[in-house]
Amino acid sequence: MARKFFVDGNWKCNGTTEEVKKIVTTLNEAEVPSEDVVEVVVSPPFVFLNFVKSLLRSDFHVAAQNCWVRKGGAFTGEISAEMLVNLSIPWVIIGHSERRALLNESNEFVGDKVVYALSQGLKVIACIGETLEERESGSTMAVVAAQTKAIADKVTNWDNVVLAYEPVWAIGTGKVATPAQAQDKSYPLLFYLEIFECELRKWLRENVSGDIAESTRIIYGGSVNGANCKELTDQPMLMVFWSVELR
Ligand SMILES: O=C(CO)COP(=O)(O)O
C-alpha cells in the first residue's frame, strides 16, 4: 500500500490568540489536495489545542507536542494521553529533540511515552535524529538506531506511528540544501536524506519487519520552509515537518 503524504507544522512554544487565529485562517484558505492524498496536521501549544481544533477546517488535524509517559495523576504541569483523547486530539509528537536535549528525555523514556500514547489510542509522531557532533563523528546511524530501537522494543503495532527524522543540526539553522548545493556536494542534504531513508528502512527491515519497513512513514524536519519544501518533498521521504514563526 502506498504511504500517504504527511505534513505537520510544529508551532513549538509560539503564538498568541490573535496570531493563532491568523495562521488558522491562512491554513483554512489554502488549496490542498484531498485528505485521501495528503494528511495535514498542525501542532499548536497545549493551551491552543482546543481553540485551533474548533477553528480548523475538518480535513486538517491537530497534534499535541507532548504528553505524559503514563496515566495522568499527581504530575503537576503535565498533560496526559487520556486528556488528549478526551479532547479528541488525534495526534501527539513524542521525543522532539528539544525535549530530549532540554528536558533530558532519554531513549527509554521516549519509547515508554510512545507505547503509552498508542495504548490510549493516540497516533504518534516519534522524533529521532542526531546532533552535529554525532553526525561529524560518523555515528548518525548508531544514534538513530538506538533511538528507534527504544521505540521498536516496546511497540507492537506500527500502524499509528510516523517516524520524524529531525537532525538537530538542521533544526532552526537554515541548513537545508538547494538542489544546486546538493549537486556541488558542498552540503548534500537532499542526497543525504535519500541515503538516510534507505538506511533507516533497512534498519527497520532487519530489526522489526519487512512490512513495517515498507509501510511506516518517515518524515523529515529541520529548516523546512515555503521556499524549499517543494524540493524536499520531491525526495522519497514523504513528509515535511515545519515549525512556524508566528511573529
Ligand atoms: O523542530 C522542527 C520540527 O519539529 C523544525 O524546526 P525548524 O523548522 O525551526 O528547523
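It should be emphasised that the depicted structure is a prediction, and the values quoted were computed from it without experimental measurement. (Residues numbered from 1 in each chain as written. Predicted model: local features only at pLDDT ≥ 70, side-chain atom pairs only at ≥ 80, totals over all residues.)

A.B. asks: How should the overall build of the chain be read in this particular structure?
C.D. replies: Along the backbone of the chain there are 11 helices and 8 strands. With 247 residues in all, the chain has 38% of them scored as buried. (Helix = DSSP H or I, 4+ residues; strand = E, 2+ residues; numbered from the N terminus. Buried ≥ 20, exposed ≤ 12 C-beta atoms within 10 Å, placed from the backbone.)

A.B. asks: What exactly am I supposed to notice about unusual backbone geometry here?
C.D. replies: With glycine set apart, most residues show a phi of negative sign, and most peptide bonds adopt trans. Phi angles above zero are rare outside glycine, and Ser88 is one such case at about 60°. Mapped onto the elements of the fold, Ser88 is located in the loop between helix H3 (81-86) and strand S4 (91-94). Look at Ser223: it is not a glycine, yet its phi comes out positive at around 60°. With respect to the element layout, Ser223 can be found in the loop between strand S7 (217-221) and helix H11 (229-233). By C-beta crowding, Ser223 is classed as buried, having 20 other C-beta atoms within 10 Å.

A.B. asks: Please clarify how the pairing of strand S3 (residues 60-64) should be interpreted in this entry.
C.D. replies: Two faces belong to every sheet, and in a regular strand the side chains alternate between them. Taking burial as the measure, the 5 residues of S3 include 5 buried ones, the bulk of the element. Burial along S3 is two-sided: Phe60, Val62 and Ala64 facing one way and His61 and Ala63 facing the other are all buried. Note: strand S2 (residues 38-43) against S3, 3 bridges, orientation parallel. Among the inter-strand pairings, Val42 is bridged to a residue of S3, identified as Val62. The β-α-β motif built from S2, the intervening helix H2 (residues 49-55) and the parallel element S3 has right-handed crossover chirality. In terms of strand pairing, S3 meets S4 through 2 bridges, oriented parallel. Looking at S4, one finds that Ala64 is bridged to Val92. Once the chain exits S3 it traverses H3 before rejoining the sheet at S4, and the crossover so formed is right-handed. (Pairing = 2+ DSSP bridges. Right-handed = clockwise from strand over helix to strand, strands pointing away.)

A.B. asks: I keep staring at helix H7 (residues 140-152) and nothing clicks. Help me out?
C.D. replies: For H7, which comprises 13 residues, the first-to-last C-alpha distance of 18 Å matches the rise-based estimate of 18 Å (1.5 Å per residue) to within 8%. Of all the residues in H7, the buried ones are Val144, Gln147, Thr148, Ala150, Ile151 and Ala152. (Expected span 1.5 Å × (residues − 1).)

A.B. asks: I'm lost on helix H1 (residues 17-29) in this one. Help?
C.D. replies: What sets the pattern is the α-helix's 3.6 residues per turn: residues three or four places apart point alike. Its 13 residues place the ends of H1 18 Å apart at the C-alpha level, agreeing with the 18 Å of an ideal helix rising 1.5 Å per residue. Burial in H1 covers these residues: Val20, Ile23 and Val24. One side of H1 holds all its buried residues, which, seen down the axis, span an arc of 100°. The exposed set on the far side of H1, more than 90 degrees from its buried face, consists of Glu18, Thr25, Thr26 and Glu29. Looking at the buried side of H1, the elements it contacts are H2. (Arc of directions from axis to C-beta. Contact = placed C-beta atoms within 7 Å.)

A.B. asks: Is there a simple way to think about the environment of Glu82 in this case?
C.D. replies: Considering the arrangement of structural elements, one finds Glu82 in helix H3. A count of 16 C-beta atoms within 10 Å places Glu82 in the partly exposed class. Residues Glu82 and Gln120, 38 residues apart in the sequence, show an inter-C-alpha distance of 6.6 Å. Contact partners of Glu82, with chain neighbours within four places excluded, come to Lys71, Gly72 and Gln120.

A.B. asks: Help me understand the confidence of the model for the chain in this model?
C.D. replies: One rule of thumb: low pLDDT means the predicted coordinates there are not for detailed reading. Averaged over all residues, the pLDDT of the chain is 89; the fraction at 70 or higher stands at 88%. Within the model, the stretch residues 177-187 combines pLDDT values under 50 with 16 contacts to residues more than four positions away or in other chains. The complex model carries a pTM of 0.92, and its ipTM stands at 0.97. (pLDDT = per-residue confidence, 0-100.)

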